[in-house]
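Residue strings, one per chain:
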Amino acid sequence: MGVLMASSKVDDVTLLKQMRPKDLSLKIDQLRKEGATLYYQREYKEFVDVNCPACQGEAKALWGEKYSFKHQKCRECETVYVSPRPTQERLFQYYLNYEAPKMWRDVVRATSETRMVTQYEPRVRALSAAINKAGANRNHFLDFGAGVGGFAQAVKRSGSFGSVAVFDPDSEVTTAVSSSDIEVYSGTIEDLPDCYFDAVSMNDVIEHVFDPGDLLKSLHSKLTDNGILFIVTPNSASIEYDLLNTKSRSVGPPEHMQYFRPSSISLLLKDSLFSLIDVSTPGELDVEILKEAIADKRCELNATTKFLKNVFDKKDVDMDEALQKFIMENKLSSHMVAIAQKVS
C-alpha cells in the first residue's frame, strides 16, 4: 500500500465513505452544478481570457467543458485551466453567495477527525521532514487559506513550530481555531508580516485562485530566508483525471480554476523564485475512487477501464494494494504534494 496508512482495503472503503459520504457528495454535486450553471449565466460576460497559469504559454486546446466553463490544456506544459474565467473579486462573490462551497466546508468540518488521521497528520510529518532536510527554522508557521483550521490544529498538536497561525478571509476560521492558541490573520495577504514565517502551507488552495503565480510571489515575501512552502493540490496527470476528465468530482468550476501536474507546478515554483525540494502523489484512495466511478458509469468504456473493471471484479485485496502502490509511486494519484524552498 501507500505511505499514509497501514490498513486493509476494507478500511479504505470505510475511510472513503467517511470522508465523502455518498448522499452528501451527490447533494453537493447537484448544488455545485446548479450554482455553477447559474453563476456562469450571470457572470460570463465579465470573464477574462488568460494564458497558462504555470508557464504563461498561449497555445492551448480544449480539454473539456463543465457547467459551461471551458477547460483548456496548455500545449506546452499540459496544465489544465479554466479560460475565460472570473476575476478574483468575482470568484470571492461565488463563495459568499452560493451553497455548494458552504456545504463542502460543513462536510470537512464533520469529518475532521478522520481527515486528521488520513490527511493532516501525514502531511505534518512530510512538512517536518522537509524542514529537517532543508535546515529551515521552526519559529513561525502559517496555514494560508486554512478553511476550517484542521491542518493548523494538526501542526499545533505536533509541536513542530514555536507559533502557529492561519490566514483566511472567512470569519468562520476564527471560530474554528479560537480555543487552540492559534493566531488568526484575516483581511488581505498584504496584511501579513514580511519575512516572518519559516513555513507556509496551502492545502487545496492554489487551484482556487485567479492568478496562482501572483499569489506565490506574494507568499515569497512573507517567508524568511530559506523558508519552506508546502502545497497540496489536485494532480491533472493522475489516472483519475485521465479516465474521468470533467466527470471527476475534483473538476468543479468555478471553485477550481487550474489543475497542475508535477512537471508544471515545478515550472511555476521556479518562476516564483522557489527551489523545488520534492513533489509526490502520496495517495491512498485512488483505487476506491476509480471503483466508485466505474460503478457509477462516470468512466468512458475503453480498454483501460475494462482492464480495471476486470481487476476490481476479482476482489483481490493484494492486487488492489499493488495497483494503489503503482499509482502512488508513478505520480498518478489524484492529489500531489509539492514542497519548495524560498530562493533569496
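This write-up is about the structure you can find in this document. (Residues numbered from 1 in each chain as written. Predicted model: local features only at pLDDT ≥ 70, side-chain atom pairs only at ≥ 80, totals over all residues. Heavy atoms only, no water.)

Excluding glycine, a negative phi dihedral is what most residues carry, and trans is how most peptide bonds are arranged. Following S83, the chain continues to P84 via a peptide bond in cis, the omega torsion being 0°. That bond from P253 to P254 is cis: its omega, 0°, falls within 30 degrees of zero. Looking at where P254 falls in the secondary structure, it is placed in the loop between α9 (239-244) and β9 (258-259). The phi dihedral of S68 is positive, around 80°, even though this residue is not glycine. Tracing the sequence through the fold places S68 in the loop between β1 (60-66) and β2 (69-74). The partly exposed category is assigned to S68, whose relative accessible area is 29%. (Helix = DSSP H or I, 4+ residues; strand = E, 2+ residues; numbered from the N terminus. Buried < 20%, exposed > 50% of the residue type's maximum accessible area, 1.4 Å probe, protein only.)

If you walk across this open sheet you meet the 4 strands as β1-β2-β3-β9, and the pairing is antiparallel. Two strands close off the open sheet at either side, each with one partner strand: β1 and β9. Relative to β9, strand β3 (residues 80-82) runs antiparallel, the two sharing 2 bridges. Counterpart to Y81 in the pairing with β9 is Q258. (Pairing = 2+ DSSP bridges.)

So, on to the packing of aromatic side chains. Taken as a whole and assessed by the stated rule, the structure comprises 17 aromatic pairs. Measuring from ring centre to ring centre gives 6.1 Å for F151 and F230, while their planes differ by 5°; the resulting arrangement is stacked. Within this pair, whereas F151 is found in helix α6 (residues 150-158), its partner F230 is found in strand β8 (residues 223-234), the two being separated by 79 residues in sequence. Measuring from ring centre to ring centre gives 6.0 Å for Y185 and F197, while their planes differ by 85°; the resulting arrangement is edge-to-face. With a gap of 12 residues between them, Y185 in strand β6 (residues 183-185) and F197 in strand β7 (residues 197-203) connect regions that are remote in the sequence. Comparing Y185 with F197, the two get one shared label, buried. What links up through ring pairs into an aromatic cluster is the set Y39, Y40, Y44, F47, F69, Y94, Y95 and Y98. (Phe/Tyr/Trp six-rings, centres within 6.5 Å; stacked < 30°, edge-to-face > 60°.)

For β7, a buried count of 7 out of 7 residues is recorded, marking the element as mostly surrounded by other parts of the structure. Of the pairings in the sheet, the one linking strand β4 (residues 140-144) to β7 comprises 3 bridges and is parallel in character. Directly across from F141, in β7, lies its bridge partner A199. In this sheet, β8 lies alongside β7 in parallel orientation, the contact comprising 6 bridges.

Our focus in this paragraph is the sheet that holds strand β11 (residues 335-342). Read across the open sheet, the 7 strands follow the order β6-β5-β4-β7-β8-β11-β10; overall the sheet is mixed. A single partner strand is all that each edge strand has here, and the edge strands are β6 and β10 (274-280). Ignoring strand direction, the axes of neighbouring strands in this sheet form an average angle of 20°. Pairing of strand β5 (residues 163-167) with β6, which is carried by 3 bridges, proceeds in the parallel orientation. Opposite V166, over in β6, you have V184 as the bridge partner. Its contacts with the sheet put helix α8 (residues 212-222) on β4, β7, β8, β10 and β11, and the angle it makes with β8 is roughly 145°. (Axes fitted to C-alpha atoms, helices over the stretch in contact; angles between N-to-C directions. Contact = heavy atoms within 4.5 Å.)

All we've got here are geometric facts, nothing functional implied.
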